[in-house]
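These are the residues of each chain, in order.
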Amino acid sequence: GNEVAPELLWLRAGLAVPLTIVLQEATGTVHPPGGATAMVFLIMKPLHSLSFLYVITPAMFGAVVMVCLGMVMNNLTTTRAYPQGWW
């Protein structure tokens, strides 16, 4: 295959999480599942075909689901409203 040094998968997977955490700490954007996302991408070969789309898709999907659930749950009663405004 075209994978670089497949015998070092254990090292790449082992470094994925701490390097992701360091980058998140440096940018002030700590999100613990980000380390797992990086490691899973390295370990699961079928995900390699998705390339950068793999990172965008779970994040975008998760955000959309949370906003939709927030809108439904917070608008079930008349005492709460979400969102309170759109800009």
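Computed from a predicted model, the values in this text were never measured in an experiment.

Right, let's get into the overall build of the protein. A tally of regular secondary structure across the protein gives three helices and zero strands. Helices and strands in the protein line up, N terminus first, as α-α-α. Taken against the 2.2 N^0.38 rule, which gives 12 Å for 87 residues, the C-alpha radius of gyration of the protein at 18 Å runs more than 25% over that of a compact globule. A principal-axis box enclosing the C-alpha atoms of the protein has dimensions of 60 × 30 × 20 Å. Residue burial in the protein is summarised as follows: out of 87 residues, 11% are buried. Entry remark: accessible area of the protein is about 7,000 Å², with carbon and sulfur atoms responsible for 74%.

Taking 1.5 Å as the rise per residue, helix 1 (residues 9-27) with 19 residues should run 27 Å; its terminal C-alpha atoms sit 27 Å apart, in good agreement. At A16, helix 1 is deflected by roughly 30°, the largest bend along its length, and proline P18 occurs up to four residues later in sequence. Those residues of helix 1 not exposed but buried are A13, A16, T20 and Q24.

In this model, the largest pocket occupies a volume close to 330 Å³. P33, G34, T37, V55 and A59 are the residues nearest the centre of the largest pocket, which is lined by 16 residues in total. When residues of the lining of the largest pocket are traced back to their parent elements, those giving at least two are helix 1, helix 2 (33-43) and helix 3 (53-74). The residue inventory of the lining of the largest pocket, partitioned by class, reads nine nonpolar, seven polar and no charged.

All right, on to a nonpolar patch on the surface then. A cluster of nonpolar side chains, namely L50, F52, L53, V55, I56, M60 and V64, defines an oily patch on the protein surface of about 650 Å² accessible area. By the element assignment, V55 lies in helix 3.

Relative to the helices and strands, R80 is located in the segment after helix 3. The exposure class of R80 is exposed, given its relative accessible area of 53%. Residues R80 and S51, spaced 29 residues apart in sequence, show a C-alpha to C-alpha distance of 41 Å. Beyond its immediate sequence surroundings of up to four residues, R80 is in contact with N74 and N75. Of note is the side chain of R80, whose polar atom sits 2.6 Å from the side chain of N74.

Of note in the backbone geometry, S51 takes a positive phi value of approximately 55° without being a glycine. For S51, the position within the fold is in the loop between helix 2 and helix 3.

Definitions and limits used
- Residues numbered from 1 in each chain as written.
- Predicted model: local features only at pLDDT ≥ 70, side-chain atom pairs only at ≥ 80, totals over all residues.
- Heavy atoms only, no water.
- Helix = DSSP H or I, 4+ residues; strand = E, 2+ residues; numbered from the N terminus.
- Rg over C-alpha atoms; globule rule 2.2 N^0.38 Å.
- Buried < 20%, exposed > 50% of the residue type's maximum accessible area, 1.4 Å probe, protein only.
- Areas by Shrake-Rupley, 256 points an atom, 1.4 Å probe, with all protein chains shown as cover.
- Expected span 1.5 Å × (residues − 1).
- Bend = angle between axes of the 7 residues up to and from the residue.
- 1 Å grid on protein atoms, 1.4 Å probe; cavity = no way out; pocket = protein on both sides within 12 Å on 5 of 7 lines; lining within 4 Å.
- Points joined across faces, edges and corners; volume = space filled by probe spheres on them.
- Nonpolar A, V, L, I, M, F, W, Y, C, P; charged D, E, K, R; others polar.
- Patch = residues over 30% accessible without salt bridge, like charges linked within 9 Å, V, L, I, M, F, W, Y side chains within 5 Å.
- Salt bridge = Lys/Arg side-chain N within 4 Å of Asp/Glu carboxyl O.
- Contact = heavy atoms within 4.5 Å.
- Polar contact = N/O pair within 3.5 Å; in protein donor to acceptor, adjacent residues only side chain to side chain.

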